[in-house]
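These are the residues of each chain, in order.
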Amino acid sequence: MSSIRPFQMDDLFSVNPINIDPLTENFNPSFYSQYLIEWPTFFFKSTEETHGLFDQLYEISGYMMGKTEGRLDKKEWHTHITAVTVMPTYRRLGLAQGLCVQLEKMSVGGVYDTLFVDLFVKVTNSLAYKMYKGLGYSVYRRVIGYYGRTVPEDRNNLDDEIDAFDMRKALPRDIKRETVRDNGEKVYVLPNEIEF
Amino acid sequence: MEFTDIVNLLDGREFREADSQIKRGRLKYPNNSAYLCLLIYSAYKQGSKVKAIASAKDFVNKHALNDANSVLLLYRLFSQEGLTKEAQQTYETALRKFPILGPKLLPALIEQMVDGVTPINIKQMEKLLMQLQKVSGETKDVYNAAFACSLMPTDTLLNQLGVKLVEKVAVENTQQLYVVTKLNSNLRQWDAVIDATETFKKKSAEIALDLEIETLYVEALIQSQNWTKLRIHTLPKLTTFNDYSTILNFILALRQLAESFNATKELLDTIPFKRNRLLSYLELAVQYNMPHEVYLQQYYDALKTKLCCFYDIRHYPKLNALKLEEGSNDSHVEINNQKFKLILLGEDYSVIIKENEAIYETACAKKKSLERYELLPENELILMNLLLDDNVNAFEKTDRLHSVLSRNPDDPRVRMWMMHSLAQYGHFTQTILGHFEDLKIKMIQIDTLGYYISNLVPLKENAMVLFNLYRYYLTVPSENVSMVLQGMENQVYTKLEGFFNFYNRSLNSVGELQLALTIAKMTTVLGLSDYSSFFVDRIKTRFQLDLLNDNRDFKTLWKFGINTKEAEAYANSLLLLLTLKLEYYKTLLLNEGNPSNAHSHIKNLNKLLSGEDTKSLNKFETWLYRIYFNLFKCLFKYNQKEMVTNMNYLTKNLKFTKVMPIIGEFSVLSSAYTLLIVSLVELVHNLTGLTDFKHLRDQLCTDIKKVNIRSLVEAELEKTGASKFGFTKHLDNYDILISSLK
């Protein structure tokens, strides 16, 4: 019975069942508030009715944090998925996909009207890779050492454990689909080359 | 030296330099009221609060403040003391007499109001913003003022005023539209909400409305019983927006329009999202008073392999008609079935417990090793057993959790249960800390889950861990200030209320106070006086007990659908906060130099110790706080007539022989026992240097040293057969603690 609601700053007091997960990052409050201030519509949550349990109307089952960045003249104006996460009980239901689709819809036309949506996924995270593939994303490039602790210098030094795939999905504004490409897995870049 | 520089000196507790600057200023400019204000503020910061406040009140009554800095300073002083009326009067009088101050004073007051120390006072905020929009006339200020009006939903006049303000200014973006719809929604002017939203949509069709506005619009359609519009609004969303609330509103609209069950169901058939579609059938049947068993079964059959299945349908009245699949090989089906059985089969848990164990063991045998970060869903069944099985003792339960966690170290909830379970024993606080660190608890989680490590034994390494955690509370106030001010500057009205709530809830946090008190206690025992005075100062200046916000999370632990009564009882037991408040006043009094402040704290302490809640204290706690209460009355000569009685009380009761019979009632393995020993050691440290009590202190110290905790614990372990659980691991901590007594 998932519903989509706007995320509010004080929701942070109620996201432990999601954020206690070792794979979900906990940022400092100002990081979240910055997203809410700059991209208020791109930060939303999925909720489940609790029928009065713990005096809550609903519990938060997942959330999406997104932003826009890049220059249009360089064909880099896009929506970026910063975090999408779902509580274990509500996984394997397509909730994360639903949150991604919602973000895509918000990115098309209107105030933002971006060229594509992108995200980073660990090379070894095959589950997430498959999910995004299913949603129409493809690998644009492989970012060497993206999750590493040191700044890599050799773009041919591949390491599945710390490399990330930069995955993209072109949106209707990119009529010629210039922002995506085939065989992106074979295009290697360093983290400093992906800044917008 | 500038006015603000002197204020900074006072805030930085550099009183000597500040006072000399004030003196110099007063000599040079005897008629400048700013220096008099600084003098009052200096007295306030140096602890003479009562006197300073009285002087400030007197000053405001006698002088017309003509400089913005003085107004701001006195406003701040009154606000920090919760004297809202006086704070308001300060700037209102100044503005009335010197309107020229307005453009400079008002924005500064708003900024000062969001000071990271005092909660945001919406009423005052509204007053300031209202005056500011009058002075500036800028659209931004008009909307800010109108938005502030909307934050008081029951104040009709204010909301009407807000509507009037924005009527003059065209709505140019969705954030402004939100203010208009919010005000009208508060006034229950549903047609105005609908009209404003639809006009905006017509004008700016390409702009998607914020979810907050959508919610207000739908609410307006429902409240105004505009069922046709609600149908038109929700129907296209059924196929494009996976949102259960929309589906419920669609069903409501069609029911009100007297659409038949079948016709409505046909439309619901178009929903492409399976889970929400199947649930919509169930809800439709309930709403139309039709039998819902068939839809319940349909949902179960389709979603039984998902962990949400139980939670989605457990509340439906005909749950007992559900035919559970038997002999399934799917682990999620088995887990759901076990939860359903718990509801359906009544109180005999023995069968369920046995089955849970068998399912778990089979799952473990099937899955010899787990991937990194993989969670074994069957862990939940063991958690269920721990709650249901009365035949297993606490040690065995902890041991069982330990084995589950060893197999699946990445399951955060099992780790939380491990901490919860270990918390009943006093000797495992270091182990709890290890689990806490493994969970990588940080940022806001420190506030919500930090209470798990509030009973750490005083050790230097533990103090360091707590200092590091406390850093969160040092950075968050300034982050919150800039969040609120930036939110207002950017006019993000849809999020501002959430910002205000977050800001306010971060202040006077129970989690922060608990951590600060633990550190103050720990540093006293460890003799880390520099740290101690820093935290005592925080406790003194940052908390108002009547405004405490309890952000601690007691819910995550229990989120597996059973035993909510136990969960509530557990949470309620921690909600009383009496010991926290007693510790607060104890800490203040141990560090108070001003007798008039001390008398007011003693009065508050007395109130707490005479209240109904004291029933929740154990016998040792009652003894301990009575001792402190009498001690403070003697030290601060609270009541001359009672001095002899107070002294006699201490001579009679401040003895280990008085504690001995009480101690006997605690298990030496319990956390209450550890807390007791720590509190006694702290008491000895607090008595050190008080000449009148030297004899009592020395005797208590000698008696505590005689207690051989190690042998007591070992004997108890032997007796209970719990030796195999590794309780002796942290016994050295007691030796270290006792050795701190000289």
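- Going by what an unreviewed UniProt entry lists, chain A is known as N-terminal acetyltransferase and is assigned to Scheffersomyces spartinae.

As for the overall build of chain B
- Looking only at helices and strands, chain B features 41 helices and 0 strands.
- Every one of the 742 residues in chain B was classed for burial, and the buried ones make up 55%.
- Put simply, 67% of the contacts in chain B that link residues at least 6 apart link residues at least 24 apart.
- Carbon and sulfur atoms make up 52% of the accessible area of chain B, which amounts to about 33000 Å² in all.
- Between the mean site of the 88 positive side-chain charges and the mean site of the 85 negative ones, chain B shows a separation of 6 Å.

Thoughts on the packing of helix α2 (residues 15-28) of chain B against helix α3 (residues 33-45) of chain B
All names here are of chain B.
- Across the interface, α2 lies against α3 with an axial gap of 9 Å and an inter-helix angle of 160°. Between α2 and α3, the interaxial angle falls into the category roughly antiparallel. Regarding α2 and α3, the two cross each other, and that crossing is left-handed. Contacts from Phe15, Asp19, Gln21, Ile22, Gly25 and Arg26 in α2 reach Tyr35, Leu36, Leu38, Leu39, Ser42 and Lys45 in α3.
- Partitioned by chemical class, the residues of the contact of α2 with α3 number 6 nonpolar, 3 polar and 3 charged.

Digging into helix α26 (residues 429-438) of chain B
- Among the residues making up α26(B), those that are buried are Thr429(B), Gln430(B), Ile432(B), Leu433(B), His435(B) and Phe436(B).
- Following α26(B) by one or two positions, Lys440(B) adopts a phi angle in the positive range, close to 55°.

What to know about the sheet that holds strand β2 (residues 43-49) of chain A
All names here are of chain A.
- Reading across the sheet, the 8 strands line up as β1-β2-β3-β4-β5-β7-β6-β8 and stay open at both edges, with mixed pairing between neighbours. Each edge of the open sheet carries a strand with a single partner, namely β1 (3-6) and β8 (188-189).
- As paired elements, β1 and β2 share 4 bridges and run antiparallel to each other. From the neighbouring strand, Ile4 faces β2, where its bridge partner is Ser46.

Structural notes on the packing of aromatic side chains
- Following the criterion strictly, the structure yields 37 aromatic pairs over all chains and no others.
- Relative to Tyr32(A), the ring of Phe27(A) has its centre 5.7 Å away and its plane inclined at 70°; by these criteria the two rings are edge-to-face.
- With relative accessibility at 22%, the residue Phe27(A) sits in the partly exposed group.
- Considering the side-chain rings of Tyr300(B) and Phe340(B), the 6.0 Å spacing of their centres and the 70° angle between planes classify their relative orientation as edge-to-face. One end of the pair, Tyr300(B), is in helix α19 (residues 293-303); the other, Phe340(B), is in helix α21 (residues 331-344), with 40 residues separating them in the sequence.

Examining the side chain of Gln176(B)
- By secondary structure assignment, the location of Gln176(B) is in helix α11 (residues 174-186).
- When sequence neighbours within four positions are dropped, the list of residues in contact with Gln176(B) reads Thr139(B), Tyr143(B), Ala170(B), Val171(B) and Gln491(B).

Thoughts on the interface of chain B and chain A
- Contacts between chain B and chain A engage 64 residues on the former and 54 residues on the latter.
- At the boundary of chain B with chain A, total buried surface from both sides reaches about 5100 Å², with 62% on carbon and sulfur atoms.
- Together, Leu211(B), Lys495(B) and Lys559(B) form the three largest contributors to the area buried by chain B at its contact with chain A, with a combined 12%.
- For the interface between chain B and chain A, the tally reads 2 salt bridges.
- The closest approach of N and O atoms between Lys442(B) and Glu25(A), which form a salt bridge, is 2.8 Å.
- For the interface between chain B and chain A, the tally reads 25 residue pairs in polar contact (both at pLDDT 80 or more).

Considering the confidence of the model for chain A
- With 97% of its residues at a pLDDT of at least 70, chain A reaches an overall mean of 93.
- No element of chain A has a lower mean pLDDT than helix α4 (residues 126-134) of chain A, at 91, and none a higher one than helix α2 (residues 29-38) of chain A, at 98.

Let's talk about the environment of Thr215(B)
- With respect to the secondary-structure elements, Thr215(B) resides in helix α13 (residues 211-223).
- A polar contact is formed between the side chain of Thr215(B) and the backbone oxygen of Leu211(B), at a distance of 2.7 Å.

A few points about helix α12 (residues 190-203) of chain B
Residues and elements named next belong to chain B.
- For α12, spanning 14 residues, the distance from its first C-alpha to its last is 20 Å, which sits close to the expected 20 Å at 1.5 Å a residue.
- Residues of α12 that are buried include every one of Trp190, Val193, Ile194, Ala196, Thr197, Glu198 and Phe200, and no others.
- The secondary structure elements touched by the buried residues of α12 are α11, α13 and α14 (227-234).

Overview of the state of the cysteines
All names here are of chain B.
- Scanning all chains against the criterion turns up 0 disulfides over all chains.
- Here Cys309 stays unpaired: no disulfide links it, and the sulfur of Cys308, its closest cysteine neighbor, is 6.7 Å away.
- We classify Cys309 as buried; its relative accessible area is 0%.

Reading guide: rules and limits
- Residues numbered from 1 in each chain as written.
- Chains lettered and ligands numbered in written order.
- Predicted model: local features only at pLDDT ≥ 70, side-chain atom pairs only at ≥ 80, totals over all residues.
- Heavy atoms only, no water.
- Helix = DSSP H or I, 4+ residues; strand = E, 2+ residues; numbered from the N terminus.
- Buried < 20%, exposed > 50% of the residue type's maximum accessible area, 1.4 Å probe, protein only.
- Contact = heavy atoms within 4.5 Å.
- Areas by Shrake-Rupley, 256 points an atom, 1.4 Å probe, with all protein chains shown as cover.
- Lys, Arg positive; Asp, Glu negative; His and termini not counted.
- Charge placed at Lys NZ, Arg CZ, Asp CG, Glu CD.
- Axes fitted to C-alpha atoms, helices over the stretch in contact; angles between N-to-C directions.
- Parallel < 35°, antiparallel > 145°, perpendicular 65-115°, else oblique.
- Left-handed = near helix turned anticlockwise from the far one by under 90°.
- Nonpolar A, V, L, I, M, F, W, Y, C, P; charged D, E, K, R; others polar.
- Pairing = 2+ DSSP bridges.
- Phe/Tyr/Trp six-rings, centres within 6.5 Å; stacked < 30°, edge-to-face > 60°.
- Buried area = accessible area lost by both parts, 1.4 Å probe.
- Salt bridge = Lys/Arg side-chain N within 4 Å of Asp/Glu carboxyl O.
- Polar contact = N/O pair within 3.5 Å; in protein donor to acceptor, adjacent residues only side chain to side chain.
- pLDDT = per-residue confidence, 0-100.
- Expected span 1.5 Å × (residues − 1).
- Disulfide = S-S within 2.5 Å.

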